Amino acid sequence: MNIAALRHVVENNPELIEGNVPARGNPAAAIGVAKFLVGNNGNVEALSENQRYHYENYIRPLVENVQCSGVFGPEDEDGNDGCVGNGRIDDEDLDGCYLLDEMLCQECQALQTRMQDD
Ligand SMILES: [Zn+2]
């Protein structure tokens, strides 16, 4: 888990977590768990069973193994997701992605930079 990314989400974009919680769920509890993790440096072991459920389902997808949104937009008819890398953002790059509000892997970021330079 990328704690810097989680902190950024909690402080600036908590609706990303809320958006993962189904209507019958408890978004406030999920955000509470996220804040708790930021405060304890991501120590999942410290979570109760119920808290861990929130973490695994609503928080972890935002801070681990996040999908690259690709430079070429949403899926084309071939089912490609527009990513020129492996489709995933390295965990260590996540905080930068949230800061820039661009969920791109390194390969896609490099390609986008090249395209903008042309
Ligand atoms: Zn990519």
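Residues numbered from 1 in each chain as written. Predicted model: local features only at pLDDT ≥ 70, side-chain atom pairs only at ≥ 80, totals over all residues. Heavy atoms only, no water.

Examining the packing of aromatic side chains
And then number 1: For the structure shown, the criterion picks out one aromatic pair.
And then number 2: Ring centres of Tyr53 and Tyr58 lie 6.1 Å apart, and the angle between their planes is 85°; this geometry places the pair in the edge-to-face category.
And then number 3: Taking the relative accessible area as the measure of exposure, Tyr53 reaches 44% and is therefore partly exposed. (Phe/Tyr/Trp six-rings, centres within 6.5 Å; stacked < 30°, edge-to-face > 60°. Buried < 20%, exposed > 50% of the residue type's maximum accessible area, 1.4 Å probe, protein only.)

Observations concerning the domain arrangement of the chain
And then number 1: Each assigned domain of the chain is listed here: domain 1 (3-63) and domain 2 (66-118).
And then number 2: Measuring from the centre of the C-alpha atoms in domain 1 to the corresponding centre in domain 2 gives 24 Å.
And then number 3: Together, the buried faces of domain 1 and domain 2 total about 570 Å²; carbon and sulfur atoms form 66% of this surface.
And then number 4: At the junction of domain 1 with domain 2, the criterion picks out zero salt bridges. (Domains from an automatic or database assignment. Buried area = accessible area lost by both parts, 1.4 Å probe. Salt bridge = Lys/Arg side-chain N within 4 Å of Asp/Glu carboxyl O.)

Points about the coordination of the zinc ion
And then number 1: Binding of the zinc ion to the protein goes through Cys68 (SG), Cys83 (SG), Cys105 (SG) and Cys108 (SG), at separations of 2.2 to 2.3 Å.
And then number 2: Bound by four donor atoms, the zinc ion shows angles of 104 to 116° at the metal and therefore tetrahedral coordination geometry.
And then number 3: If you list the donors of the zinc ion from N- to C-terminus, the spacing comes out as C-x14-C-x21-C-x2-C. Here the residue Cys83 occupies a position in the loop between α4 (49-63) and α5 (94-100), and Cys105 occupies one in the loop between α5 and α6 (106-117), the gap between them amounting to 22 residues.
And then number 4: Residue Cys83 is classed as buried on the basis of its relative accessible area, which comes to 15%.
And then number 5: Overall, the relative accessible area of 2% leaves Cys105 in the buried class. (Donors = N, O, S within 2.8 Å, 3.2 Å for Na, K, Ca; no water. Tetrahedral: all angles 85-135°; square planar, octahedral: opposite > 155°, others 65-115°. Helix = DSSP H or I, 4+ residues; strand = E, 2+ residues; numbered from the N terminus.)

Overview of the environment of Arg52
And then number 1: Within the fold, Arg52 resides in helix α4.
And then number 2: Remark: the alpha-carbon pair of Arg52 and Leu62, spanning ten residues in sequence, is separated by 15 Å.
And then number 3: Discounting chain neighbours no more than four positions away, the residues touching Arg52 are Val44, Glu45 and Leu47. (Contact = heavy atoms within 4.5 Å.)

Observations regarding the nonpolar core
And then number 1: Counting residues in each nonpolar core, the largest one holds 32 residues, and the members touching the most others are Leu6, Ile17, Ile59 and Ile89.
And then number 2: Those elements that provide at least two residues to this core are α1 (3-12), α3 (27-39), α4, α5 and α6.
And then number 3: Per-element accounting of this core gives the leading share, six residues, to α3.
And then number 4: For this core, the domains that each give at least three residues are domain 1 (3-63) and domain 2 (66-118).
And then number 5: Setting aside residues no more than four positions away along its own chain, Ile17 makes contact with Val9, Val10, Ala30, Ile31, Ala34, Tyr58, Ile59 and Leu62. (Core = buried A, V, L, I, M, F, W, Y, C linked by side-chain atoms within 4.5 Å.)

Structural notes on the pattern of salt bridges
And then number 1: For the structure shown, the criterion picks out two salt bridges.
And then number 2: One salt bridge in this structure joins Glu56 and Arg60, with 2.8 Å as the shortest N-O distance. Here Glu56 and its partner Arg60 are both found in helix α4, four residues apart, which amounts to about one turn of the helix.
And then number 3: Put simply, Arg60 and Glu64 hold a salt bridge, and the shortest N to O gap is 2.9 Å.
And then number 4: One network of salt bridges, in which partners are shared, links Glu56, Arg60 and Glu64.

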